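# Close look at the chain arrangement
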Amino acid sequence: MAINLADHEAGRPFEGDYAGELEALQERLSRLLVAHVVHRKRSVVLIEGWDASGKGGAIQRLTAKWDPRHFEVWPISAPTDEEKARHFLWRFWKRLPRTGEIAVFDRSWYGRVLVERVEGYASEAEWRRAYDEINEFEAQQAGDGTTIVKIFLHVTQEVQDQRLKARLAHPWKCWKVGPEDFRNREKRPAYLAALAEMFAHNDTHWAPWHVIDGNDKKAARIAVLTTIAERLETVVPLTALKISPATAELARRAFGD
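Summary of the structure given here. Predicted model, so just to flag it, every value in this text is computed and none were measured.

## Notes on the sheet that holds strand S4 (residues 146-154)
The strand order S2-S3-S1-S4-S5 describes an open sheet built from 5 strands, whose pairing is parallel. Because the sheet does not close on itself, it has two edges, and the strands there are strand S2 (71-75) and strand S5 (209-213). Between one strand axis and the next, the sheet turns by 20 degrees as a mean value, whatever way the strands run. With 8 bridges connecting them, strand S1 (residues 42-49) and S4 associate as parallel partners. Bridge assignment links Arg42 to a residue of S4, and that residue is Thr146. Sheet strands touched by helix H10 (residues 217-233): S1, strand S3 (101-106), S4 and S5. Its angle to S4, the strand with the most contacts, is close to 160 degrees.

## What to know about the nonpolar core
One finds Trp109, Tyr110, Val113, Phe152, Leu195, Met198 and Phe199 to be the most contacted residues of the largest nonpolar core, which totals 31 residues. Of all the secondary-structure elements, those providing two or more residues to this core are S1, S3, helix H6 (124-143), helix H9 (188-202) and S5. Among all residues touching Met198, those that are not within four sequence positions of it are Tyr110, Val113, Leu114, Tyr131, Asp203 and Trp209. The next biggest cluster of nonpolar side chains, apart from the first, holds 28 residues, and it includes Leu62, Phe71, Val104 and Leu153.

Conventions we followed
- Residues numbered from 1 in each chain as written.
- Predicted model: local features only at pLDDT ≥ 70, side-chain atom pairs only at ≥ 80, totals over all residues.
- Heavy atoms only, no water.
- Pairing = 2+ DSSP bridges.
- Helix = DSSP H or I, 4+ residues; strand = E, 2+ residues; numbered from the N terminus.
- Axes fitted to C-alpha atoms, helices over the stretch in contact; angles between N-to-C directions.
- Contact = heavy atoms within 4.5 Å.
- Core = buried A, V, L, I, M, F, W, Y, C linked by side-chain atoms within 4.5 Å.
- Buried < 20%, exposed > 50% of the residue type's maximum accessible area, 1.4 Å probe, protein only.

Bear in mind that shape data such as this cannot, by itself, settle questions of function.
Now the structure itself:
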């Protein structure tokens, strides 16, 4: 079924015990990270979305109880001169997770068919070719045992404007708003067109897109964490490993029967 962003704009407020459900989800996700470590699995969590859609807040809550030795968050910005001199996927190959790790991408390789397309940083031939290149890249990772979870946080123009205004009025958040936010805002129709094509080309069975209604922050955070947990639970064993016989024997000698 085709993805339509208009289907994700209700903005229904979260009902229930937000703090309690968030804590339960974070504990669930902490076990999933441990499962990655002990079962030697790899996963990529990729979060895209509009400016002020809540990507950073979702990532903070996603990783709150994770052991920092076994995950990495990659905030993706404009490529460096060295990166621009190579294929656009080169810089992402370097950031893929090792065995027993989860890599979280705050924006991603989809910049080629979104911001680089809309802002003219990539030629039409380059961004059109990128749809197949991205599918092949993700298929390679999935075929090699890496789970890919792709999230898009959607907010309406009205909600985005409210959040940008709130940031500008906050002395410790106004730094988050820059000229690029207003440039992107003016080009929303072009971004909507680019998103529609991205979903049409890159919503695959090995790396499907999950669109989250981000118009209510609490509901969106719960939805993001739930989606990630459910996806990872289908591919990561949740059976804990037993203590090795050698360790058990050492423990018996140290602590007795």
